[in-house]
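Structural description and commentary
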2 protein chains.
Amino acid sequence: MNGADRLCDALLVNGVDVCFANPGTSEMHFVAALDRKPQMRCVLGLFEGVVTGAADGYARMADKPAATLLHLGPGLANGLANLHNARRARTPMINVVGDHASYHLALDAPLTSDIESLARPMSHWVGRAAGPDDVAPVCGAAYAAAMSHPGVSTLILPADAAWSAAHDTPLAPTQVPQPAPIADTALAAAVAALKSGRKAALLLAGKALRVDALAAAGRIAAATGVTLFSQVSGRSERGAGRVYARPVPYPIDMAIATLADLEVVVLVGGRVPVGFFAYPGKPGVLLPEGCEVVELATHANDLSAALEALAEALGAKAPPVTSGWTARDLPAPTGALTPDAISIAVARALPEGAILCDEALTSGGRYPMLAPIMAPHDHLPITGGAIGIGIPLSAGAAVAAPGRKVVNLQADGSGMYTVQGLWTQARENLDVVTIVFSNRAYAILQGEMRNVGVNTFGRNASRMLTLSDPDLDWVSLARGMGVEAARATTIEGFADLFDAALRRTGPFLIEAVL
Amino acid sequence: MNGADRLCDALLVNGVDVCFANPGTSEMHFVAALDRKPQMRCVLGLFEGVVTGAADGYARMADKPAATLLHLGPGLANGLANLHNARRARTPMINVVGDHASYHLALDAPLTSDIESLARPMSHWVGRAAGPDDVAPVCGAAYAAAMSHPGVSTLILPADAAWSAAHDTPLAPTQVPQPAPIADTALAAAVAALKSGRKAALLLAGKALRVDALAAAGRIAAATGVTLFSQVSGRSERGAGRVYARPVPYPIDMAIATLADLEVVVLVGGRVPVGFFAYPGKPGVLLPEGCEVVELATHANDLSAALEALAEALGAKAPPVTSGWTARDLPAPTGALTPDAISIAVARALPEGAILCDEALTSGGRYPMLAPIMAPHDHLPITGGAIGIGIPLSAGAAVAAPGRKVVNLQADGSGMYTVQGLWTQARENLDVVTIVFSNRAYAILQGEMRNVGVNTFGRNASRMLTLSDPDLDWVSLARGMGVEAARATTIEGFADLFDAALRRTGPFLIEAVL
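Analysis parameters
Along each chain, residues carry numbers from 1 onward, in the same order as the chain's sequence is written. Chains carry letters and ligands carry numbers; both start at the beginning, A for chains and 1 for ligands, and go up in the order they are written. Totals for whole chains, interfaces and linings use every residue, but because this is a predicted model, local features are given only for residues with pLDDT of at least 70 and side-chain atom pairs only at 80 or more, for both listing and counting. The side-chain figures draw on all heavy atoms in the structure; neither hydrogens nor water molecules are used. A run of DSSP states H or I qualifies as a helix once it reaches four residues; a run of E qualifies as a strand once it reaches two. Both are numbered from the N-terminal end. Think of it in three bands: with a 1.4 Å probe and only protein chains considered, a residue is buried below 20% of the maximum accessible area for its type, exposed above 50%, and partly exposed in between. Residues adjacent in sequence count toward polar contacts only when both atoms are side-chain atoms; beyond that, a polar contact is any pair of N or O atoms within 3.5 Å, and within protein one must be able to donate a hydrogen and the other to accept it. Contacts are assigned to residue pairs with any non-hydrogen atoms lying within 4.5 Å of each other. Buried area: the accessible surface (1.4 Å probe) lost by two parts on joining, summed over both. A carboxyl oxygen of Asp or Glu within 4 Å of a side-chain nitrogen of Lys or Arg is what we treat as a salt bridge. Bear in mind that the domain bounds are from an automatic or database domain assignment. What is meant by a nonpolar core is a set of buried Ala, Val, Leu, Ile, Met, Phe, Trp, Tyr and Cys residues, joined one to another through side-chain atoms within 4.5 Å. Note on pairing: DSSP must find at least two bridges between two strands before they are called paired. Interaxial angles span 0 to 180 degrees and are taken between N-to-C directions of axes, which are lines fitted to C-alpha atoms, for helices over the stretch in contact.

The subject of this paragraph is the side chain of Thr68(B). All names here are of chain B. Locating Thr68 in the fold gives a position in strand β3 (residues 67–71). What makes Thr68 buried here is its relative accessible area of 0%. There is a polar contact of 2.7 Å between the side chain of Thr68 and the side chain of Asn95. Here Thr68 is in contact with Cys19, Phe20, Val51, Thr52, Ala55, Met93, Ile94, Asn95 and Val96, once residues within four sequence places are set aside.

This is how it looks when you write it as structure tokens:
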């Protein structure tokens, strides 16, 4: 029994039984300990961005953390971009980052780096095991932080804490504090806002976008006429029969216009909406001047209970308005293979209970309009703007939810960031259909260049904003990692491939050449 | 004229005319400014680890920094692992990291993060432009730091510093301090050590491994009998007719045995050798107890001048011992396709002036023994142990040294980390032959598992330490990114492919199935 064994036990006693991993030498004792625990499922990623993105997708669906296993500072660094997304999604996660033996650090061996400095910007909690008997309590603290913030915990495991003998004392599940109830003053302020007769909106985020919370929000909307908006969140339950909260648009001008007539907003789990980026001469806060902001509840509250309390205080008993499942009755798209056409084809065919991972960016087509009339599904988007999440996110979601179809809407430039995740999909035979929108450009940046007034690109700009010359061949890339794949150049061909992919089990990739 | 234009001018006036880039929205004004400067060569990488690894390879060959262009904290994070290697190689580099407009930071928009905290562990210098007129002086400071440490400078460029109007004052090249001369006391101590009759070694690192410095070291060895060792460094000039300093081995037991009889070592540009990792019961410092350490010069000195001074003080005028170019006369290897056989085939065929990038790890074969009898070449290894350097490093070296053949010895597991770099090789038509050692395992870790006493792997360990199930198909991966490729399964087939690859120009990949 050593510190590494204690770490396995402390994870397992808290129900953490999946470990996405890319280990190195300093973690060999932890690997050996994991090898003694067949009840822990270890999933290898061939790059750490795959590991952390998969852990994010897993926890968004499982509502409990996976562990990750990362090798020293550089291994953590490779995983940071998707930890950034997980932090913004407030995904529970426990990163285990190996470090040199404590006495070896002063020698500044080649792989030494300041792991804490790297970890803090993308973690809600950072800790380090002081020795083998400290491993289990530190793991418990990491678990409690991951569940109660909720968010990303990073636990640094020195090699000597892992390999040294530890006491085999009994371990109990870590007690996690219950979410705080909302304050009476917050509830009263929200009631007053919604009864004021002013133009009002509920801004829903995080777990306020799950079915029960949405139902309460829908009753509130039916009773008061308040508009429901959603902010980008880790997981949104959407589709026919569910209340839909309209996403605040990404483009700055559209976002400002959408929110322009609001006089009061009630925040439920989110924050005052701000521009994704600053633009010269445009505001950073998206709400109109003078709009009152009332915070009903934060991510640390039980958002479903908060909305139920608000509904009850308002006497909102009427059933919410939802749509029926009519996307399947839309006419089949014809003509050019465009994002709009693809979004309609996907909306028609998506099976009930599907998980839709969304890193489509400029290729999302009409999805925001189609979502409420599609089959009931979960929507898992990129949350922090750090591209390269779709492929690993879909892998992790599939690990968490066997039996549910995962469809990943994948922009090509972003997909290349963590393309290695296709191999994990193949090895674990994960039921993921990846749709690559092959527009061969950083299309979002070409739009942003026009936003800054540059409409004609010279050699340097065009070389930096296009992915052509040579074109990427996604079918070859997928096959190189053991994932079957095919290319679509017409919408009819795409629809046929998508139907076939939905009927089979296991990973499949469709390159949609736009 | 805005801050972004000033940055371009400040780079160009210092001779920094290559920018490896993966831009984002917050850097659009810098992209627009680069577009106005056709004399700046912008090279796109489809992932930031490619960008920073390529900038490392470029500067190792050019002896001057390239710029990188990285998007906010997550973009920097993706490049950190190869910045770690560059930091250990003391490669001059200027990272330009975009950030939100200064007034937008307080809003904590989704892509906001603590860039300084992320940058410091892998940078020698970190700075932030305070406004548009601060951009040029900050860039000058970044350049001076990159050249004089030498090492990695990271310059944070807020969007409003880039887009705001700047004064068009004349810019002069930044004055870089000359390397400090070595102290007389250091020289005297080194002379005394080498005249003491004790068993002595010169430990050479950094620019002490260039031809002129090696020649001086070789004269010292011829005169005094001192042994020449090399430490892992960014660039070593090796091959027939050059003085060879034997690398300190990586495996801990072999390293300790190799250095066991030393009584005094003289450091020239490096540090006391330490174990790459700590192992229970084994020392961290590789020198025997009681071995005296004399520091003749550090990376901040002119190492060639330091060795010349030492040679002169010792009256070492006899020509150094070098070997002839006999690897081409070795018998062609036959039989199984093994790392040993491949290293012999490469040694026979490598053309004069080639650049050998080396991320072979466990597949290096007999290269350390063959190096002194191969054609004169430059050796560019992984320096900091952060895997995923070979493909981008070779791309950057090829950008810096057109007309020279680049051969990249690439372990498969490491190659997957930054596989996207193959696309950059294709787009820029870089003259790189990549040899992938396809052993379908993290072979180095399988050895380390045995080192910790685990000889039989269960499901979890074998799933984390092998790359099979499914096997990676490197030929498909390369073709998917526009790089021609072929597979070798016999040593004869490998030799034929390698010869053909050397005769053509442009990127080619050989998957050597071990």
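On we go.
The subject of this paragraph is the side chain of Asn95(A). Mapped onto the secondary structure, Asn95(A) falls in strand β4 (residues 93–99). The residues touching Asn95(A), leaving out its near neighbours within four places in the chain, are Thr52(A), Thr68(A), Leu70(A), Leu83(A), Val152(A), Ser153(A), Thr154(A) and Leu155(A).

This part is about the interface of chain A and chain B. Interfaces are frequently sized by the accessible area removed from exposure as the parts join. The partner chain B presents 102 residues to the 104 residues of chain A that form the contact. Regarding the contact of chain A and chain B, the summed buried area is about 8100 Å², with carbon and sulfur atoms giving 64% of it. Of all residues in chain A, the largest losses of buried area upon contact with chain B belong to Tyr417(A), Arg427(A) and Met464(A), amounting jointly to 9% of the total for that side. Seen at the junction of chain A and chain B, the total is six salt bridges. For Arg463(A), the salt bridge goes to Glu428(B), with nearest N and O atoms at 3.0 Å. Where chain A packs against chain B, one counts 53 residue pairs in polar contact (both at pLDDT 80 or more).

All names here are of chain A. Parsing chain A into structural domains produces domain 1 (3–163), domain 2 (184–314) and domain 3 (327–513). Centre-to-centre separation of domain 2 and domain 3, based on C-alpha positions: 29 Å. Each partner contributes residues to the interface: domain 2 has 14 residues there, and domain 3 has 19 residues. Around 1300 Å² of area is buried between domain 2 and domain 3 when both sides are counted, 54% of it from carbon and sulfur atoms. Area buried by domain 2 at its contact with domain 3 is led by Arg238, Ala240 and Tyr244, which between them contribute 35% of it. Taken together, domain 2 and domain 3 are joined by two salt bridges. With a closest N to O distance of 3.9 Å, Arg242 and Asp378 form a salt bridge. Linking domain 2 with domain 3 are 10 residue pairs in polar contact (both at pLDDT 80 or more).

Right, let's talk about the pattern of salt bridges for a bit. All names here are of chain A. A full pass over the atoms with the stated rule returns 58 salt bridges over all chains. Note that Asp63 and Arg210 form a salt bridge whose closest N and O atoms lie 2.9 Å from each other. Taken as a pair, Asp63 in the loop between α3 (48–62) and β3 (67–71) and Arg210 in the loop between β7 (200–204) and α9 (211–224) lie far apart in primary sequence, 147 residues in all. Judged by relative accessible area, which is 15%, Arg210 ranks as buried. With its nearest N and O atoms 2.9 Å apart, the salt bridge here joins Glu308 to Arg219. Residue Glu308 is located in helix α11 (residues 303–314), and its partner Arg219 is located in helix α9; the two are separated by 89 residues in the primary sequence. Residue Glu308 is classed as partly exposed on the basis of its relative accessible area, which comes to 32%. Among the ionic contacts, a cluster of salt bridges with common partners joins Asp63, Lys207, Arg210, Arg235, Glu237, Arg242, Asp378 and Arg404.

Of all hydrophobic cores here, the largest spans 127 residues; its most connected members are Phe30(A), Leu157(A), Phe30(B) and Leu157(B). When neighbours within four sequence positions are excluded, Phe30(B) is seen to be in contact with Ala4(B), Leu7(B), Cys8(B), Leu11(B), Leu69(B), Val96(B) and Leu157(B). In this structure, Leu118(A), Leu380(A), Ala397(A) and Val406(B) belong to the second largest nonpolar core, which totals 74 residues.

Further remarks concern the sheet that holds strand β17 (residues 484–488) of chain B. Residues and elements named next belong to chain B. Reading across from one edge, β9-β14-β13-β15-β16-β18-β17 is the order of the seven strands in this open sheet, with mixed pairing throughout. Of all the strands in the sheet, the pair left with one neighbour each is β9 (236–238) and β17. The sheet shows a mean angle of 20° between the axes of neighbouring strands, direction not considered. In this structure, strand β13 (residues 354–359) lies alongside strand β15 (residues 406–411), joined through five bridges in parallel fashion. Note that in β15 the partner of Ile355 across the bridge is Val406. Of the strands in this sheet, β13, β14 (377–381), β15 and β16 (432–438) are in contact with helix α14 (residues 390–400), which crosses β15 at around 170°.

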